[in-house]
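Each chain, written out:
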Amino acid sequence: MRCLFLGKFIPHSTETYVEYALQQIGVTVFRYCVVANGIARPTYQQELAALQKLVCETEPQFVLFSKPEKQLYSEFIPWCHEQGIMTVCWLWDLYFGLKRRLPIQANLCRIVFSTDGGHDWMWERFGIKHYVLRQGIHEPEHILYEPTNEFDVCFVGSIQGHPSEQYRSALLCALCQRYKRRFIPIQDKRGLELNRMLSRVK
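Let us look at the structure shown here. (Residues numbered from 1 in each chain as written. Predicted model: local features only at pLDDT ≥ 70, side-chain atom pairs only at ≥ 80, totals over all residues. Heavy atoms only, no water.)

### Focus on the packing of aromatic side chains
Quick note on the threshold: Working definition: a ring pair exists when centres of Phe, Tyr or Trp rings (six-membered ring for Trp) sit within 6.5 Å. Plane angles under 30 degrees give stacked, over 60 give edge-to-face, the rest tilted. Numbered from the N terminus, helices here are DSSP runs of H or I no shorter than four residues, and strands are runs of E no shorter than two. Accessible area is worked out with a 1.4 Å probe on protein chains only. A residue is then buried under 20% of its type maximum, exposed over 50%, and partly exposed in between.
Tallying each qualifying case throughout the model produces 7 aromatic pairs. Ring geometry for F65 versus F76: centroids 6.2 Å apart, planes at 70°, classification edge-to-face. With a gap of 11 residues between them, F65 in strand β3 (residues 62-65) and F76 in helix α3 (residues 73-82) connect regions that are remote in the sequence. Both residues of the pair, F65 and F76, belong to the buried class. Counting every residue linked through ring pairs, the aromatic cluster contains F65, Y73, F76 and W79.

Okay, structure coming up:
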């Protein structure tokens, strides 16, 4: 089986983990990176034409989107359906009730996977064929380090830069005041480095 995967392929991104998991079950994955990485992005029509050409060259059974935010997807996804190609959206976080920079066009895809299992009636209301797919553990990082129990509580995640994070700084201040030196915030840590940091927390 062949898959064209559109996502953010940077070190320790969820896309790289999903790609690994798909390959482990025999799926051939063709990447299309939606992040510029310092390279000038093509125009709308150039990128649409490039994606259509890539589909024709790779002949995927399905196209997988991690976050279909781009405007051109409103044209590209229906085009895939015209070619008889399944489209799948896989969301790593909440779809409803989370403020975003750009709207996600998950409703255009034939199937949507997400970790959001509490809004069945909303998915049905918008006519979205949704399946709950819980988070997993990336096999190469399934390593536990000897705990040191230096801290009672930790916070893992970014603090600024996303509309959904407007209350996080207040939360961190409250945790610092309550737990003092028994609390540690963990930012910008991924992979085994994050595992090592977590081994320091009860």
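### Comments concerning the sheet that holds strand β4 (residues 86-91)
Condition: Here, any two strands with at least 2 DSSP bridges between them count as paired. All axes here are fitted lines through C-alpha atoms, helices being fitted over the stretch that makes contact, and every angle between N-to-C directions spans 0 to 180 degrees. Contacts are residue-level and defined by heavy atoms, with any inter-residue pair within 4.5 Å sufficient.
The 6 strands lie next to each other as β2-β1-β3-β4-β5-β6, forming an open sheet whose pairing is parallel. Because the sheet does not close on itself, it has two edges, and the strands there are β2 (28-33) and β6 (130-132). In this sheet, adjacent strand axes meet at a mean angle of 20° when their direction is disregarded. For strand β5 (residues 111-114) and β6, the ladder comprises 3 bridges, and the chain directions are parallel. Its bridge partner being in β6, V112 is matched across the sheet by H130. Along the sheet face, helix α1 (residues 14-24) touches β1 (2-7), β2, β3 and β4 and points at about 165° away from the line of β2.

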